[in-house]
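# Coordinate inspection notes
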Amino acid sequence: MLKPLRQGLPPLDPAAVSDAASCALPARYEAVREARRFTRATLDQWDVGDRFDDICLVVSELVTNALRHGLPLPHHPSGEALRAASSEPADAACSERAPSVRLHLMRWTERLVCAVRDPSHETPVPRDSDDFSAESGRGLFLVDSFTDSWGWHPLAGSLDGKVVWALFRLRTAE
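In short, a report on the structure. As the structure is a prediction and not an experimental result, all values here were calculated from the model.

Within the protein chain, the secondary structure is distributed over three helices and five strands. Traced from its N-terminal end to its C-terminal end, the protein chain shows the element sequence β-α-α-β-β-α-β-β. Buried residues in the protein chain amount to 42% of all 174 residues. Nonlocal contacts in the protein chain, meaning residues at least 24 apart in sequence, comprise 71% of its contacts between residues at least 6 apart.

Next up on the list: the packing of helix α1 (residues 30-45) against helix α2 (residues 52-69). Closest axis-to-axis distance for the α1/α2 pair is 9 Å, and the angle between their directions is 150°. The orientation of α1 with respect to α2, classified from their angle, is roughly antiparallel. Our pair here, α1 against α2, has a crossing hand that is right-handed. Residues Ala-31, Val-32, Ala-35, Arg-36, Thr-39, Arg-40, Leu-43 and Asp-44 of α1 lie in contact with α2, whose contacting residues are Phe-52, Ile-55, Cys-56, Val-59, Ser-60, Val-63, Thr-64 and Leu-67. Of the residues that constitute the contact of α1 with α2, the class distribution is 10 nonpolar, three polar and three charged.

What follows concerns the pairing of strand β5 (residues 162-169). When you tally the buried positions in β5, you get seven out of eight residues, the bulk of the element. Judged from the six bridges that link them, strand β4 (residues 149-154) and β5 form a sheet pairing that is antiparallel. By the bridge assignment for β5, Trp-152 is matched with Val-164.

As enumerated under the stated definition, the model contains nine salt bridges in all. Measuring nitrogen to oxygen at the nearest pair gives 3.7 Å for the salt bridge that ties Arg-28 to Glu-30. Note on Arg-28: relative accessible area 6%, which makes it buried. For Arg-33, the salt bridge is made with Glu-34, and the minimal N-O distance between the two is 3.9 Å. Put simply, Arg-51, Asp-54, Asp-148 and Arg-169 are held in one network by salt bridges that share partners.

Turning our eyes to something else, we now look at the nonpolar core. Of all hydrophobic cores here, the largest spans 34 residues; its most connected members are Leu-25, Val-59, Val-63, Leu-103 and Leu-112. Within the residue set of this core, elements represented by two or more residues are β1 (19-25), α1, α2, β2 (101-107), β3 (111-118), α3 (139-146), β4 and β5. The biggest single contributor to this core is α2, with eight residues. Within the second largest apolar cluster, eight residues are counted, among which are Ala-115, Val-163, Trp-165 and Leu-167.

Quick look at the environment of Arg-33 now. The residue Arg-33 is located in helix α1 in this model. Taking the C-alpha atoms as reference, Arg-33 lies 7.9 Å from Ser-60; in sequence the two are 27 residues apart.

Definitions and limits used
- Residues numbered from 1 in each chain as written.
- Predicted model: local features only at pLDDT ≥ 70, side-chain atom pairs only at ≥ 80, totals over all residues.
- Heavy atoms only, no water.
- Helix = DSSP H or I, 4+ residues; strand = E, 2+ residues; numbered from the N terminus.
- Buried < 20%, exposed > 50% of the residue type's maximum accessible area, 1.4 Å probe, protein only.
- Contact = heavy atoms within 4.5 Å.
- Axes fitted to C-alpha atoms, helices over the stretch in contact; angles between N-to-C directions.
- Parallel < 35°, antiparallel > 145°, perpendicular 65-115°, else oblique.
- Left-handed = near helix turned anticlockwise from the far one by under 90°.
- Nonpolar A, V, L, I, M, F, W, Y, C, P; charged D, E, K, R; others polar.
- Pairing = 2+ DSSP bridges.
- Salt bridge = Lys/Arg side-chain N within 4 Å of Asp/Glu carboxyl O.
- Core = buried A, V, L, I, M, F, W, Y, C linked by side-chain atoms within 4.5 Å.

In C-alpha cells form, the structure reads like this:
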C-alpha cells in the first residue's frame, strides 16, 4: 500500500473551486449516517459521474475513523463506548454547535476532495492485516483503494487537530 501520510492537500487552486459544502458532525456513530446522507445530497447536485459510490464509501470510512480514533473519548475495542456528546437529535447532526468532527467536500472541474477534520493529533496509520474477513481495521486500505490519492496534515493557528483528505479525479464530458 502507498504511504501518503503527512502530506498536505494536493496542489489545487482554492480560488478555482466550483462548489464546496461543509457539515459539522457530533461525536456519535449516527454521525456516519448523517455524513453519508449529506454527501449523497451534495453529490446529487454536483456532476461527479461514476465516482459517486466511491466518494460515499470513502466519506463513511474517514468519518468512522475520525469518530473512533480522533476523539478524546474512552473506547471499547468494538467502538461501542462512543457516547453521545450532544443531546441533539440525529437529524440535527449537520449543525454548527460544538462540532467534534467536520466534513468538507470541495469540487473543481476535474477533481473532488473530501476532507475530515478531527481534534486529534494522532497520525492515521493503516493496519497491516491479512484477515480480510475482519469487521474493522480496513478503513485506510479502502480509502487508498478507492481514491486517486489521500493524505493528512496537522492544523495550525487557532484550529486544533488534523485533516485527513481524499482526492478523486472526475471525468469531464468531452
